[in-house]
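# Inside the fold
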Amino acid sequence: MNRFEGPGGREARIRYLDGDFQVLAPGAFVRCAVTGEAIPLEELRYWSVARQEPYLDAEVSLKRELEMNPDLRQR
């Protein structure tokens, strides 16, 4: 049995804020907007407030930022 199974194993709905997030619908995890991997809420550290997207880690977050803003590569 994996840690996302069972009654608490639902995907949460989250509102991403500056430096924090608000749980709109309870759950154990969210899915990374880029990789689709499950991120346990207690391990969620990276997200975009503007896009309201969670990310697995800093590398994935940077990849998405560069993808959405290609002009940043030129700086």
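In short, a report on the structure. The shown structure was predicted, so the numbers you read here are calculated from the model rather than taken from an experiment.

Under the counting rule described, the total for this entry stands at 5 salt bridges. Note that E67 and R64 form a salt bridge whose closest N and O atoms lie 2.8 Å from each other. Of this pair, E67 and R64 both sit in helix α1 (residues 58-68), 3 residues apart, roughly one helical turn. You can call R64 buried: its relative accessible area is 15%. A network of salt bridges, in which partner residues are shared, links R51, E53, R64, E65 and E67.

What follows deals with the packing of aromatic side chains. Taken as a whole, this structure holds 2 aromatic pairs when the rule is applied. With centroids separated by 5.9 Å and ring planes inclined at 35°, the aromatic side chains of Y16 and W47 adopt a geometry described as tilted. Of this pair, Y16 sits in strand β1 (residues 13-17) while W47 sits in strand β5 (residues 46-48), and the two are 31 residues apart along the sequence. A single burial state applies to Y16 and to W47, both of which are buried. Seen from their ring centres, F21 and W47 are 5.5 Å apart, and the 85° between their planes marks the pair as edge-to-face. You can see F21 sitting in strand β2 (residues 20-25) and its partner W47 sitting in strand β5, a full 26 residues away along the chain. Taking the relative accessible area as the measure of exposure, F21 reaches 22% and is therefore partly exposed.

Conventions adopted
Residues numbered from 1 in each chain as written. Predicted model: local features only at pLDDT ≥ 70, side-chain atom pairs only at ≥ 80, totals over all residues. Heavy atoms only, no water. Salt bridge = Lys/Arg side-chain N within 4 Å of Asp/Glu carboxyl O. Helix = DSSP H or I, 4+ residues; strand = E, 2+ residues; numbered from the N terminus. Buried < 20%, exposed > 50% of the residue type's maximum accessible area, 1.4 Å probe, protein only. Phe/Tyr/Trp six-rings, centres within 6.5 Å; stacked < 30°, edge-to-face > 60°.

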